[in-house]
Amino acid sequence: MRRSQMLLPTLREDPKDAEIASHILMMRAGIIRKLDAGLYTFLPLGHRVLLKVIQIIREEMNRAGAQELLPPILIPASLWRESGRYDIMGKEMMRLQDRHENDMVLGPTHEEVFTHIVRENVQSYRDLPLNLYQINTKFRDEIRPRYGVMRCREFIMKDAYSFDIDEAGLEKNYQAMREAYRRIFTRCGLEVIPVEADTGNMGGSNSEEFMVPSSVGEETIIHCRSCGYVANVERAQAKREFSPSSEEMLPLEEIATPNIRTIEELVAFLKVSAEKFIKSLVYRTENEIVMVLIRGDFMVNETKLKHAIGCIELEPATEEEVEKVTGAPIGFVSPVRLRQKVRIIADESIPPLRNAISGANKKDYHLKNINPGRDFSWDVVADIHEVQEGEKCPYCSQELKSYKGIEVGHIFKLGYKYTEAMNVRVLDKNGQSITPIMGCYGIGVGRTIASVIEQNHDANGIIWPMSIAPFHGIIVPVNMSDPATVEAAEKLYQKLSTHFEILLDDRDERPGVKFKDADLIGIPIRITIGKSFTEEKKVELKLRRSEEKHLVALDEVEKVFEDWYEKEMAPYRL
RNA sequence: CGGGCCGUAGCGCAGUUUGGCUAGCGCGCUUGGUUCGGGUCCAAGAAGUCGGGGGUUCAAAUCCCCCCGGCCCGACCA
């Protein structure tokens, strides 16, 4: 490709609305342009990278026995009504009507569609197992798109759905995907860590996310250096020991706490440590109002809480709802002497407490000497606390650490949720009708590319891994007004292009401009035809990722280039 | 949806507080020259509904009202 003919608008300055390295560089290097909030065009350079990543994914999925197909992204609402998700999905699912006023949906995920395809076309256990995938555009009307293609509304995702006759089959497919993912990310030059994950409202049991450790990541990961336990904080556990107190139960006592609401304020005001408090929170679910109790020094993990309650929607109750249930404003509530009967969900840290402090359900008053069991009871006890750095590993009791990560892939066992809801039946070898079991496996393609840039850049720009670089090499003729230079560049370009993807920077620009651009767009191998060529007929080869420069005679360039290419490619071959 | 910041040339910005020459600067773009190993130098030039609408005023980018859009933080998120 000739640079002079390519739509490759590089920017000298950082765009105003980009914050993280990958977003800034994708804009500056002419990889993407924004069309509207969360909607991006991949320009030619970016499209080349996109195709390479897709190709790697495709090869590895096929290798693992999955089959590619291509369903539409516009989906009739009826399928979503069948699974029961039409009403559950919320506003991130883009809903629209066609000209016949039929309700339609832009697919945010494709469980229903794939389940439907299997339902229509598979009748026998002989047809299973199946693992079907697509690499397709998805749409989620994100509440707040950000960081360029890291979190956008329209994006490309690879998603696969497996169908098996039993759990053993599912386990096999799951493991095959796990291995395929490891290979895919390695080949893309991305370091990822599989972590235990929550299954969300997808339903299902086992689940792992593939995380790229990064300070700009939106997920929090809990990690034990000692035994290797790694989990998304949404599901992470810690070893918790609560020894029952031998303290004698004292009588309840009201204490005045004017305008003192938070645990922090109470600790300061009463000079009592946070472990003595019961944090009482009121939440609303799709069915009911509940009160949630946790010890003052812990935070509630809303994902765990959802599981404990068994609900789908969960949000803090409004001020009015809180008053109605407790009789007091937020900050002065407790499970003792509630005005209305509601279900009470208690963290494991609650029952062992003695003579604890919480609200009096009366403005500007708290109660002390609250004793669980004596002064109130609860409906559910569960671990609903959010693990913090410094807590103990559930397996080896060593100290847990936390860090941020970008979720680039997710695999999980769905179970029978969709096949049952949508009535998928096949006959087993005994002629009995059975319901297949599903798994689901996704990779965010754009997010993968952005993550690669997060991990591979310097002050001058992107440093592409050879495996997904938009070009293998770039030829930079330093002086376009020197006919000998131009001729050599042209010849080299023709020759190398027979085996490699080469960008020829044939613009009549100053050398500085060309070098800056070459660094910015991150082509792995640069060939400079400059003063060493005019002086001694040698051209210079340089790797983007190192400072070393090698002078090579013109007729040896092809061979050296091939060596370098192989060396650069080696880490990404499996 | 709540809080904060911001909309002036393709991009990045100044000017708005205190209304007043013809609306500016850098980059980019066009033309000519110059230079040729890290975003040359010189000259000439094109390019603006100052986010939109309404109002105040002799006069509005600047003051007032309404609306729209963007970004950041939060709520949300297979």
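If you're wondering where the values come from, they're calculated on a predicted model, not measured in any experiment. (Residues numbered from 1 in each chain as written. Chains lettered and ligands numbered in written order. Predicted model: local features only at pLDDT ≥ 70, side-chain atom pairs only at ≥ 80, totals over all residues. Heavy atoms only, no water.)

Participant: Before we move on, can you summarise the protein's contact with RNA strand B with the specific residues and values?
Facilitator: Looking at RNA strand B, there are 43 residues lining it, with Arg 12, Arg 140, Arg 151, Met 157 and Asp 519 nearest. Atoms of RNA strand B within 4 Å of the protein: sugar and phosphate make up 46%, bases the balance. Between a base nitrogen of RNA strand B and a main-chain N or O atom of Pro 108, the distance comes to 3.3 Å. In the model, a base nitrogen of RNA strand B is placed 2.9 Å from a nitrogen or oxygen of the Ser 481 side chain. A per-element tally of the surface near RNA strand B places helix H12 (residues 511–521) first, with 7 residues. Taken together, the residues of the surface near RNA strand B break down into 10 nonpolar, 10 polar and 23 charged. (Near = heavy atom within 4 Å. Polar contact = N/O pair within 3.5 Å; in protein donor to acceptor, adjacent residues only side chain to side chain. Helix = DSSP H or I, 4+ residues; strand = E, 2+ residues; numbered from the N terminus. Nonpolar A, V, L, I, M, F, W, Y, C, P; charged D, E, K, R; others polar.)

Participant: A description of the nonpolar core should follow, citing residues and the corresponding values.
Facilitator: In terms of nonpolar packing, the biggest core is built from 62 residues, with Tyr 181 and Trp 464 touching the most fellow members. Looking at this core element by element, the count peaks at 8 residues for helix H2 (residues 44–63). Of the residues that make up this core, three or more belong to each of domain 1 (17–190 + 200–205 + 416–432 + 444–453) and domain 3 (462–572). The contact partners of Tyr 181, leaving out residues within four places of it in the chain, are Met 61, Lys 158, Phe 210, Gly 409, His 410, Ile 411, Tyr 441, Gly 442 and Ile 443. Counting 24 residues, the second-largest nonpolar core is a separate cluster that includes Phe 500, Ile 529, Leu 541 and Trp 564. (Core = buried A, V, L, I, M, F, W, Y, C linked by side-chain atoms within 4.5 Å. Buried < 20%, exposed > 50% of the residue type's maximum accessible area, 1.4 Å probe, protein only. Domains from an automatic or database assignment. Contact = heavy atoms within 4.5 Å.)

Participant: Tell me about the sheet that holds strand S31 (residues 549–553), and please be specific about residues and values.
Facilitator: Spatially, the 5 strands line up as an open sheet ordered S28-S27-S29-S30-S31, and their pairing is mixed. Edge strands, defined here as strands with exactly one partner in the open sheet, are strand S28 (502–504) and S31. Taken over all neighbouring pairs, the strand axes of this sheet differ in orientation by 25° on average, direction set aside. Judged from the 5 bridges that link them, strand S30 (residues 538–543) and S31 form a sheet pairing that is antiparallel. In the sheet register, Lys 542 faces S31, and the bridge partner there is Lys 549. (Pairing = 2+ DSSP bridges. Axes fitted to C-alpha atoms, helices over the stretch in contact; angles between N-to-C directions.)

Participant: Summarise unusual backbone geometry; cite the residues concerned and give the values.
Facilitator: For the bond running from Leu 128 to Pro 129, omega is 0°, close enough to zero to count as cis. Structurally, Pro 129 is set in the loop between helix H4 (111–121) and strand S7 (130–139). At Asn 361, a position not held by glycine, the phi torsion is positive, near 55°. Examined against the element boundaries, Asn 361 turns out to sit in strand S18 (residues 356–362).

Participant: Could you give me a rundown of the sheet that holds strand S4 (residues 74–76), with the residues and numbers involved?
Facilitator: Strand order in the open sheet formed by 3 strands is S4-S6-S5, and the pairing between neighbours is antiparallel. The sheet is open, and its two borders are formed by S4 and strand S5 (94–97), each paired with just one other strand. Geometrically, the sheet is characterised by an average inter-axis angle of 35° between neighbouring strands, direction not taken into account.

Participant: A description of the state of the cysteines should follow, citing residues and the corresponding values.
Facilitator: A complete count under the given rule lists 0 disulfides for this structure. In this structure Cys 152 is a free cysteine whose sulfur lies 17 Å from that of Cys 188, the closest cysteine sulfur available. For the unlinked cysteine Cys 440, the closest cysteine sulfur is that of Cys 152, found at 19 Å. (Disulfide = S-S within 2.5 Å.)

Participant: Lay out helix H5 (residues 167–187) in plain terms, naming residues and giving numbers.
Facilitator: The end-to-end C-alpha distance of H5 is 30 Å, a good match for the 30 Å that 21 residues give at a rise of 1.5 Å each. Residue Gly 189 follows H5 closely and has a positive phi angle near 80°. (Expected span 1.5 Å × (residues − 1).)

Participant: Hey, could you go over the domain arrangement of chain A for me, with residue numbers and the actual values?
Facilitator: Interface size is often expressed as the accessible area that is lost when the parts come together. Entries for chain A in the domain assignment read domain 1 (17–190 + 200–205 + 416–432 + 444–453), domain 2 (253–382) and domain 3 (462–572). If you average the C-alpha positions of domain 1 and of domain 3, the two centres end up 38 Å apart. Summed over both sides, the interface between domain 1 and domain 3 buries roughly 1400 Å², with carbon and sulfur atoms accounting for 72% of that surface. Three residues, Leu 45, Arg 48 and Lys 52, lead the burial of domain 1 against domain 3; their summed loss comes to 37% of the area buried on that side. At the boundary of domain 1 with domain 3, the tally comes to 2 salt bridges. Across the domain 1-domain 3 interface, the total number found is 5 residue pairs in polar contact (both at pLDDT 80 or more). Looking at the side of domain 1 that touches domain 3, the elements with two or more residues in it are helix H1 (21–28), H2, H5 and helix H10 (445–455). Among the elements that make up the side of domain 1 that touches domain 3, the one with the highest residue count is H2 (6 residues). Across the side of domain 1 that touches domain 3, the residue classes tally to 11 nonpolar, 2 polar and 4 charged. (Buried area = accessible area lost by both parts, 1.4 Å probe. Salt bridge = Lys/Arg side-chain N within 4 Å of Asp/Glu carboxyl O.)

Participant: Mind laying out the pairing of S30, listing which residues take part and the relevant values?
Facilitator: Taken residue by residue, a regular strand's side chains alternate between the two faces of the sheet. Across the 6 residues that make up S30, a large majority, 5, are buried. Here strand S29 (residues 525–529) runs beside S30; their pairing, made up of 4 bridges, is antiparallel. Looking across to S30, one finds that Thr 528 is bridged to Glu 540. The hairpin formed by S30 and S31 contains 5 residues between the paired strands.

Participant: Pulling in residues and values, what's your account of the environment of Leu 414?
Facilitator: Its place among the elements puts Leu 414 in strand S21 (residues 400–415). Classification of Leu 414 as buried rests on a relative accessible area of 2%.

Participant: Help me get a handle on the environment of Pro 71, residues and values and all.
Facilitator: Tracing the chain through its elements places Pro 71 in the loop between strand S3 (67–68) and S4. For the pair Pro 71 and Tyr 125, spaced 54 residues apart in sequence, the C-alpha separation works out to 23 Å. For Pro 71, the contacting residues outside a window of four places in its chain are His 110, Val 113, Phe 114, Ile 117, Gln 134 and Asn 136.

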